[in-house]
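As a plain string of letters, each chain reads:
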Amino acid sequence: MNIKVSDLDHLKGEPLPFRLTLDADELKRRHQEIRGLTPVEVSGEAAKLGNLYYVKGEMKSDVDFVCARCLKPFTRHTAVPFAETFAPAESAEDEDQDSDILPLEGDEIELKPLLQEDFLLAIPAFPLCEEECKGLCPECGVNRNEQACECKHERIDPRLAGLADFFKDSK
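Let me begin by describing the structure that accompanies this report. Everything numeric in this text was worked out from a predicted model, so none of it was measured.

## Description of the packing of aromatic side chains
And then number 1: One pass over the structure, following the stated rule, counts one aromatic pair.
And then number 2: When the centroid spacing of 5.6 Å and the interplanar angle of 35° are considered together, the rings of Phe65 and Phe74 count as tilted.
And then number 3: Take Phe74: its relative accessible area is 11%, and that puts it in the buried class.

So this is what it looks like as structure tokens:
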């Protein structure tokens with residue numbers, strides 16, 4: 001979906017509401033952690049204030065993941081807010097390089113690529129089913145969220161293993 005700059009100019013600061021749906025299959029292909037995805041519903045508004053164009057809103061979807069620690073599949077409702085600022089190309093060149101103001105080229109604001117990027121950046125690289133997930137036991141493979149295992153998880157640096165024998169003799 002594109003928003004015409006001339007429409008925003010005619011509204012003279014009044015917001016222009018918009019709604020669109022992003023393609024779930026394309027987003028799923030672009031992020032390796034997404035296992036499934038409902039269509040991403042986008043609602044927002046665009047406005048021109050002064051010499052700048054503002055686009056803001058929120059994207060919502062249910063995303064299927066596999067936990068990075070315990071490998072359990074789970075679904076999380078994701079709500080991603082977005083806000084972008086545009087300026088005409090000639091005035092955007094005057095801004096410094098670190099500015100968050102995007103140059104506006106042409107007579108339309110192309111939303112789809114920006115919204116896809118914002119959504120994908122909000123998806124975690126290592127999704128967890130819950131923040132306190134204990135993961136799988138590296139010895140026996142049991143899910144430590146569901147049951148405790150009797151494995152010893154004591155790690156001794158092989159360079160210091162000789163010191164353990166030294167302290168056993170002193171007892």
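Okay, back to it.
## Description of the pattern of salt bridges
Once their charged atoms are close, side chains differing in charge can pair, the charge on each being opposite to the other.
And then number 1: Enumeration according to the criterion identifies four salt bridges in this entry.
And then number 2: Asp9 is paired through a salt bridge with Lys48; the nearest N and O atoms lie 3.2 Å apart. Residue Asp9 is located in helix 1 (residues 5-11), and its partner Lys48 is located in strand 4 (residues 40-49); the two are separated by 39 residues in the primary sequence.
And then number 3: With a relative accessible area of 31%, Asp9 lands in the partly exposed category.
And then number 4: What makes Lys48 partly exposed here is its relative accessible area of 23%.

## Some words on the pairing of strand 4
And then number 1: Alignment of strand 2 (residues 16-22) against strand 4, held across seven bridges, turns out to be antiparallel. Each residue of the ladder has a partner; that of Leu16, found in strand 4, is Ala46.
And then number 2: Pairing analysis gives nine bridges linking strand 4 to strand 5 (residues 52-66), with the strands arranged antiparallel. Pairing of Leu49 across the sheet is with Leu52, part of strand 5.
And then number 3: Taken together, strand 4 and the strand that follows it, strand 5, pair antiparallel across an intervening segment of two residues, in which Gly50 is found at a positive phi of about 70°.

## Side note on the side chain of Asp118
And then number 1: Inspection of the secondary structure assignment puts Asp118 in helix 4 (residues 111-122).
And then number 2: Look at Asp118: it is buried, it has no salt bridge, and the nearest opposite charge is Arg30 at 10 Å.
And then number 3: Ignoring anything within four residues of it in the chain, the contact list for Asp118 reads Met59, Val80, Phe82 and Glu84.

Cut-off values and rules
Residues numbered from 1 in each chain as written. Predicted model: local features only at pLDDT ≥ 70, side-chain atom pairs only at ≥ 80, totals over all residues. Heavy atoms only, no water. Phe/Tyr/Trp six-rings, centres within 6.5 Å; stacked < 30°, edge-to-face > 60°. Buried < 20%, exposed > 50% of the residue type's maximum accessible area, 1.4 Å probe, protein only. Salt bridge = Lys/Arg side-chain N within 4 Å of Asp/Glu carboxyl O. Helix = DSSP H or I, 4+ residues; strand = E, 2+ residues; numbered from the N terminus. Pairing = 2+ DSSP bridges. Lys, Arg positive; Asp, Glu negative; His and termini not counted. Contact = heavy atoms within 4.5 Å.

Geometric values such as these leave the question of function open.
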